[in-house]
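Each chain is listed here by its residues.
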Amino acid sequence: MIRTAVGLFVCALIAKPQDVTSIIQKVTARYKTLEGYSLDGSYETISGLNTGHGYLNQTSGKFRIEAVQKSRKLHVEYDGPGGAMTIISNGSTTWTYLPREKAYAKVDAVASDADPEEEQAGADNSAMSMYQLVVRTYAGLDKLGPQTELGRDQEVKTADGKIRCWVLVTKDGNRTEKNWVDQQRYLVLRSDIEIPTLSTPARIAFSLKRFDTGAPGEDEFTFDPPNNVRLVDELALPGRPAFVGKPAADFVLRNLDGETMRLSDLRGKIVVLDFWATWCPPCRHELPTINKLAEQLRDKDVVFLGINDEGAATVKSFNKKHEYTFTTLEDTNRKVHRAYQASAIPSVFVIGRDGVIRKHFVGSREEPELLAAISAAGAR
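To keep things clear, this report deals only with the structure shown in the data block. (Residues numbered from 1 in each chain as written. Predicted model: local features only at pLDDT ≥ 70, side-chain atom pairs only at ≥ 80, totals over all residues. Heavy atoms only, no water.)

**With respect to the pattern of salt bridges**
- Evaluated as defined, the whole model comprises 19 salt bridges.
- The partner of E220 in a salt bridge is R64, with the nearest N and O atoms 3.4 Å apart. With E220 in the loop between β13 (202-212) and β14 (230-231) and R64 in strand β2 (residues 55-68), this pair connects stretches of sequence that are 156 residues apart.
- The residue D309 makes a salt bridge to R334 at a minimum N-O spacing of 2.7 Å. Taken together, the positions of D309 in the loop between β18 (302-308) and α6 (312-322) and R334 in the loop between β19 (327-330) and α7 (335-339) put the pair 25 residues apart, joining distant regions of the chain. R334 carries the same exposure label as D309, and that label is buried.
- What you see here is one network of salt bridges that share partners, running through D40, R64, E66, E77, R210, D212 and E220. (Salt bridge = Lys/Arg side-chain N within 4 Å of Asp/Glu carboxyl O. Helix = DSSP H or I, 4+ residues; strand = E, 2+ residues; numbered from the N terminus. Buried < 20%, exposed > 50% of the residue type's maximum accessible area, 1.4 Å probe, protein only.)

**Side note on the pairing of strand β21 (residues 347-351)**
- Judged by how many residues are buried, β21 sits mostly within the fold: five of five residues are covered.
- Residue alternation in β21 divides its side chains into two sets, S347, F349 and I351 and V348 and V350, and both sets are buried.
- Sheet topology places strand β17 (residues 270-275) next to β21; five bridges connect them, and they run antiparallel. Along β21, the bridge assignment pairs D274 with V348.
- Relative to strand β22 (residues 357-362), β21 is paired through five bridges, and the arrangement is antiparallel. The residue of β22 that forms the bridge with I351 is I357.
- Here β21 folds back onto β22, and the loop between the two strands holds five residues, one of which, G355, carries a positive phi near 85°. (Pairing = 2+ DSSP bridges.)

**Quick notes on the packing of aromatic side chains**
- Scanning the model with the defined rule gives 17 aromatic pairs in all.
- A ring pair is formed by W166 and Y186, whose centres lie 5.5 Å apart and whose planes are at 35°; its orientation type is tilted. In this pair, W166 is assigned in strand β10 (residues 161-172) and Y186 in the loop between β11 (175-182) and β12 (188-195), connecting sequence segments 20 residues apart.
- Accessibility expressed as a relative area gives 6% for W166, which makes it buried.
- Judged by centre distance (6.4 Å) and plane angle (15°), the ring pair of F243 and Y340 falls under stacked. Separated by 97 residues along the polypeptide, F243 in the loop between β14 and β15 (252-255) and Y340 in the loop between α7 and β20 (344-345) bring together distant segments of the chain. Residues F243 and Y340 agree in their burial class; the two are buried.
- Three or more aromatic residues link up through ring pairs in this structure, and these residues are F243, F251, F275, Y340 and F349.
- We note R190 situated over the ring of W180; from NZ or CZ to the ring centre the distance is 4.1 Å. (Phe/Tyr/Trp six-rings, centres within 6.5 Å; stacked < 30°, edge-to-face > 60°. Lys NZ or Arg CZ within 6 Å of the ring centre and 35° of its normal.)

**Remarks on the environment of D40**
- Turning to its location among the elements, D40 is positioned in strand β1 (residues 36-50).
- Using a relative accessible area of 19% as the deciding quantity, one classes D40 as buried.
- For D40 and V134, which are 94 residues apart along the polypeptide, the C-alpha to C-alpha distance reads 9.9 Å.
- Not counting the four nearest positions on each side in its chain, D40 is found in contact with F63, R64, L208, K209 and R210.
- A distance of 2.7 Å separates polar atoms of two side chains, one belonging to D40 and the other to R210. (Contact = heavy atoms within 4.5 Å. Polar contact = N/O pair within 3.5 Å; in protein donor to acceptor, adjacent residues only side chain to side chain.)

**Observations regarding the environment of R254**
- Within the secondary structure, R254 sits in strand β15.
- For the pair R254 and L329, spaced 75 residues apart in sequence, the C-alpha to C-alpha distance is 5.5 Å.
- Setting aside its immediate chain neighbours within four residues, R254 contacts E259, T260, T328, L329 and E330.
- At 2.8 Å, the side chain of R254 and the backbone oxygen of G258 are in polar contact.

**Observations concerning unusual backbone geometry**
- One non-glycine residue, K102, adopts positive backbone phi at about 50°.
- Summarising the element assignment, K102 is placed in the loop between β5 (93-98) and β6 (103-108).

**With respect to the packing of helix α5 (residues 281-296) against helix α8 (residues 367-376)**
- One can describe the packing of α5 onto α8 by two numbers: an axis separation of 10 Å at closest approach and a directional angle of 40°. Judged by the inter-axis angle, α5 sits oblique to α8. Along this stretch, α5 crosses α8, giving a crossing that reads as right-handed. Between α5 and α8, the contacting residues are E286, T289, I290, K292 and L293 on the first element and E367, L370 and L371 on the second.
- For the contact of α5 with α8, the residue count by class is four nonpolar, one polar and three charged. (Axes fitted to C-alpha atoms, helices over the stretch in contact; angles between N-to-C directions. Parallel < 35°, antiparallel > 145°, perpendicular 65-115°, else oblique. Left-handed = near helix turned anticlockwise from the far one by under 90°. Nonpolar A, V, L, I, M, F, W, Y, C, P; charged D, E, K, R; others polar.)

Here it is in structure tokens:
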């Protein structure tokens, strides 16, 4: 009798459902403290009206992600109908590879000047969007609020077998999101988001086959291009077309003294735009060269314009300390940053006399490379 009572008590403890708020807090904490992980899975998206024979647009694909958070090492492989893409970063160098185009781009020494929410909202290619959806989103799961309820427990099939999960159901207007949470590790193994509007209902779902939390090997974070693959300055990524050969977006900004400058007023001159910040180490490395070239080429119809979002007082103090004299324009609302998609800095655009972008650099560059680009744009 006593043994039976004890058994029932233990079973009751095991079967007791978790409070939804507690689950969300533990998931959020889990993702914020993830140091390294490896995962792979599949996704599906559907959109358009259901015609009775399915949705108008339906796509599916696969992905793999390896990461070490603190050192900003990342390896993302994505393959879907829109194309295949690999992004690899060792923390200081980032390679983007499009296997079907047999081309890759390499960027050294960049810093992100976008806050995490802006970076997530502005993910500019399918591989990074998948990374944000599958991993980065859940570090902010606690923002879902009280509209989340706990559904019936379900199992998710993975490479390690079936795993028992809590099902979190969040409703926000006509948007419904379901997340399947591993009851042992507090990791999201499956997600399903539905937005059933009258005109264009949409759904995106993913399911993970594997989610290991050990640190991946160092060989995951370097890229050795195949023999038949070419290195290019810039890749035309889905959602982010190449800038080179396109007219530079016009803008009006004030310099540090409050005087207005319009880019199109400089037509007939070569313009070098440098997106930078005082806190950015790669920018600090490049700025002495930018300032030197601005002084040397001032009388040769070459204009250097720094674009900064930190405010006049901060930049004036920094420039005075380092004796920088090149013109810097204030972009405190980041409107020009967004127009040029300059979320990684330094970003340098060399614009020809006709207002067309001739060269686009992301990452710190040395004097010979900058001079070569300015010369190629037609500098006398």
